[in-house]
Amino acid sequence: MRDLESHVARALALVAPLEAQSRPLSRALGLTSVRDVAARDASPPFDNSAMDGYAVRSDEVRAATTASPVRLPVAGETAAGAPPAELRAGAAWRIMTGAPMPAGADAVVPAESTDGGTAWVEIARGVDAGRHVRRAGEDARPGDVIVRAGETLTAARLAALAAVGVSEVVVVRPARVAVIATGDELVDAGQALGPGQIHDSNSVLLAGLVREAGAEPVVMERASDAPEQLLERLAAADADLIVTTGGVSVGAYDVVKAALAGAGVEFVRVAMQPGKPQGLGAVHGTPIACLPGNPVSVLVSFAVIVAPMLERLRGEPTPGGGDPETATVARGWRAALGRRQFMPVRFTGPRTVEPATAGGSGSHLIASLAAAQALADVPADVDDVTAGDTVTLVRWSR
Ligand code: AMP
Ligand code: MG
């Protein structure tokens, strides 16, 4: 049996980072920035008011109190979007939130600390220099790096770039991943089940996992257990990576193995549970991962083998890396001695988990996957996981 680390190393060797392209922010969500992206404009771009109120020279109003307010003429008014004015000595300037500070003013008295006057204003509370002023560049200065190479472009990062005047980003184009389920027993979710038939859940699962990982699924028509049909589908696949499910173990109708063994794909047993039978290679020059058929095995195989391949395709420097997340076990389970086990778990608290299934890690328990939030990664030399143990978690989407 091959250990998972060396299997993943072989999987990663099959793929290379895809080419980069420039895209507008509106088409970059979820993609990875190839470069460090620096601010063009400062944030805020100019000194502006943090409050609706009156811009003042702070030394003229510092002594103001309710008992002895300071009365100043209102020399003018600036709303957000207007150009900056100039404040002469001995006057106040009415100002709205986000409006540029008048030259000469160094603080804003909130409207709540005044009588709200328009010709004259009575100020009942002094302010110190700088109070309620948002300083130009206090958030970011031109040239500051806002997003680093290798970071995912989340909504918040895209918004930060928009704020500093960046409209385009250089990203790796999303990988196209062809998904092909195999099996004579499969029918679509909406179809009534005939004798011996089951619904095809792997196509739905993989399409979703691929999309959650920031890539583009291309779900192909299912293939039967006849090798010719699978070979036809594979010849038609136009993708950066092909993922098949089913037909890789030692049964009599293991179609993927029958069609591809000795034709560019190696079929091996990997020391993991579930997901032991695996295929890996290339077909017509396209990398292919042949996963087992059981849905839980598909999820686990995706998380630990396919997801790192997608990370490499999108240019991440350390696919499968990152800080490991851990949790405490609230309710134990039996592990798989001699194989690394991936147990679907759900959170019972912020950092405590229990098995997501009642029936253990059975790889056919697809309906129980609905409750799973992560996989607990149990080393091969552990045969029993007990309450209070610390486990490492694996997530299957970013
Ligand atoms: P196989 O390796 O093809 O024998 O499949 C192993 C198990 O997974 C069998 O019980 C299959 O019925 C089941 N299976 C295979 N493909 C799918 C699929 N697309 N959706 C749901 N279950 C599947
Ligand atoms: Mg099958």
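These figures come from a predicted structure and were not determined experimentally. For every chain, the first residue of the written sequence is number 1, and numbering continues from 1 along that sequence. Whichever chain is written first is A, and whichever ligand is written first is 1; the rest continue in order. Per-residue local features are limited, in this predicted model, to residues with pLDDT of at least 70; the limit for side-chain atom pairs, both in listing and counting, is 80 or more; totals at the level of whole chains, interfaces and linings are taken over all residues. Excluded from the side-chain calculation are hydrogens and water; included are all heavy atoms of the structure.

Participant: Is there a simple way to explain the site of ligand 1 in this structure?
Facilitator: The full set close to ligand 1 counts 14 residues, and E185, D200, S201, N202 and G247 are the nearest of them. N or O atoms closer than or at 3.5 Å make up a polar contact, with two conditions inside protein: a donor-capable atom paired with an acceptor-capable one, and, for residues adjacent in sequence, both atoms drawn from side chains. A distance of 3.1 Å is found between a nitrogen atom of ligand 1 and a backbone nitrogen or oxygen belonging to S201. At 3.3 Å, a backbone N or O of G293 approaches an oxygen atom of ligand 1. Using a 1.4 Å probe, accessible areas were evaluated by the Shrake-Rupley method; residue-level cover was limited to the displayed protein chains. In isolation ligand 1 exposes 480 Å². Once the protein is present, 76% of that is buried. Polar here means any residue other than Ala, Val, Leu, Ile, Met, Phe, Trp, Tyr, Cys and Pro, which are nonpolar, and Asp, Glu, Lys and Arg, which are charged; Gly is therefore polar. Looking at side-chain class alone, the shell around ligand 1 contains 4 nonpolar, 8 polar and 2 charged residues. By convention in this text, a residue qualifies as near a molecule or strand provided that one of its non-hydrogen atoms is within 4 Å of it.

Participant: Teacher, can you tell me more about helix α7 (residues 295-313) here?
Facilitator: Bending of α7 peaks at approximately 45° at the position of F302. With 18 of its 19 residues buried, α7 lies for the most part within the structure. Working definition for bend: take the seven residues up to and ending at a residue and the seven starting at it, fit an axis to each, and measure the angle between the axes. What counts as a helix is a DSSP run of H or I of at least four residues, what counts as a strand is a run of E of at least two, and both are numbered from the N terminus. Per-residue accessibility, obtained with a 1.4 Å probe over protein chains only, is compared with the maximum for each type, and a residue is labelled buried under 20%, exposed over 50%, and partly exposed between these values.

Participant: Would you take a moment to explain the domain arrangement of the protein chain for this structure?
Facilitator: A common way to express how large an interface is: the accessible area buried when the components associate. You can read the domains of the protein chain as domain 1 (4-16 + 174-313), domain 2 (21-37 + 145-172), domain 3 (48-134) and domain 4 (325-394). Using only C-alpha atoms to locate each centre, domain 1 and domain 2 end up separated by 31 Å. Residue ranges assigned to each domain were obtained from an automatic or database domain assignment.

Participant: Just to check I follow, could you spell out the side chain of T286 for this structure?
Facilitator: Mapping T286 onto the fold places it in strand β20 (residues 286-291). A relative accessible area of 13% places T286 in the buried class. Should any heavy atoms of two residues lie within 4.5 Å, those residues are considered in contact. Sequence-distant contacts of T286, defined by excluding residues within four places in its chain, comprise A239, D240, L241, I242 and G281.

Participant: Even after reading the chapter, I still don't get the sheet that holds strand β8 (residues 120-123), so can you show me in this structure?
Facilitator: One key point about sheets: their strands pair by backbone hydrogen bonds, in either a parallel or an antiparallel sense. Pairing between strands is defined by DSSP: at least two bridges between the two strands are required. Strand order in the open sheet formed by 5 strands is β7-β4-β6-β5-β8, and the pairing between neighbours is mixed. Pairing within the sheet leaves two strands with one partner each, and these edge strands are β7 (107-110) and β8. In this sheet, adjacent strand axes meet at a mean angle of 45° when their direction is disregarded. As paired elements, strand β4 (residues 53-56) and β7 share 4 bridges and run antiparallel to each other. The residue bridging V56 from the neighbouring strand is A107, located in β7. Between N-to-C directions, angles span 0 to 180 degrees; the directions come from axes that are lines fitted to C-alpha atoms, helices contributing only their stretch in contact.

Participant: Explanation requested: the environment of A89 in the structure shown.
Facilitator: Relative to the helices and strands, A89 is located in the loop between β5 (70-78) and β6 (92-95). Sequence-wise, A89 and R57 are 32 residues apart; in three dimensions their C-alpha atoms are separated by 7.4 Å. Excluding its chain neighbours within four sequence positions, the residues that come into contact with A89 are R57 and E60.

Participant: Before we go on, may I ask you to explain the sheet that holds β20 in this structure?
Facilitator: What the 6 strands build is an open sheet, ordered β15-β12-β16-β20-β19-β17; its pairing is mixed. Edge positions in the open sheet fall to β15 (216-219) and β17 (265-269), since each of these has one partner strand only. Recorded for the sheet is a direction-independent mean angle of 20° between the axes of neighbouring strands. Bridge count between strand β12 (residues 176-181) and strand β16 (residues 241-245): 5 bridges; the pairing is parallel. Looking at the pairing, V177 lines up with L241 of β16.

Participant: Sorry, what's going on with the pattern of salt bridges here?
Facilitator: A side chain with one charge can pair with a side chain of the opposite charge if their charged atoms come near. We define a salt bridge as a side-chain nitrogen of Lys or Arg found within 4 Å of a carboxyl oxygen belonging to Asp or Glu. As enumerated under the stated definition, the model contains 21 salt bridges in all. Put simply, R135 and D47 hold a salt bridge, and the shortest N to O gap is 2.6 Å. In this pair, R135 sits in the loop between β9 (133-134) and β10 (145-147) while D47 sits in the loop between β2 (37-38) and β3 (48-49), placing the two residues 88 residues apart along the sequence. According to the relative accessible area criterion, R135 is partly exposed, its value standing at 38%. The class for D47 is partly exposed, based on a relative accessible area of 27%.

Participant: Could you clarify how one ought to interpret helix α4 (residues 202-212) in this entry?
Facilitator: Along an α-helix, residues three or four apart share an orientation, since each turn contains 3.6 residues. Burial in α4 covers these residues: N202, S203, L205, L206, A207, L209 and V210. Elements that come into contact with the buried residues of α4 comprise β12, β15, β16, β20 and α7. Positive phi appears at G214, one or two residues downstream of α4, with a value of about 85°.

Participant: Would you take a moment to explain the packing of helix α1 (residues 4-13) against α7 for this structure?
Facilitator: Relative placement of two packed helices is described by the angle separating their axes and the distance separating the axes. Axis separation between α1 and α7 bottoms out at 9 Å; the angle between their running directions is 35°. Every pair of crossing elements has a handedness; the one defined by α1 and α7 is right-handed. Along the contact surface, α1 presents L4, H7, V8, A11 and L12, while α7 presents V304, I305, P308, M309 and R312. For the contact of α1 with α7, the class distribution of residues is 8 nonpolar, 1 polar and 1 charged. By definition, any crossing whose near helix is turned counterclockwise from its far helix by less than a right angle is left-handed, and any crossing with a clockwise turn is right-handed.

Participant: Hey, could you run me through the nonpolar core in this one?
Facilitator: Nonpolar side chains in soluble globular proteins tend to be buried together. Put simply, a nonpolar core is a bunch of buried Ala, Val, Leu, Ile, Met, Phe, Trp, Tyr and Cys residues held in one set by side-chain atoms that sit within 4.5 Å of each other. Of all hydrophobic cores here, the largest spans 44 residues; its most connected members are F302, V304 and L310. Contributing elements (two or more residues each) for this core: α1, β12, α4, β16, β20 and α7. The dominant element in this core, judged by the number of residues it contributes, is α7, at 13 residues. Setting aside residues no more than four positions away along its own chain, L310 makes contact with A175, V177, A213, A215, L241 and F302. The next biggest cluster of nonpolar side chains, apart from the first, holds 19 residues, and it includes M220, V255, A259 and I288.

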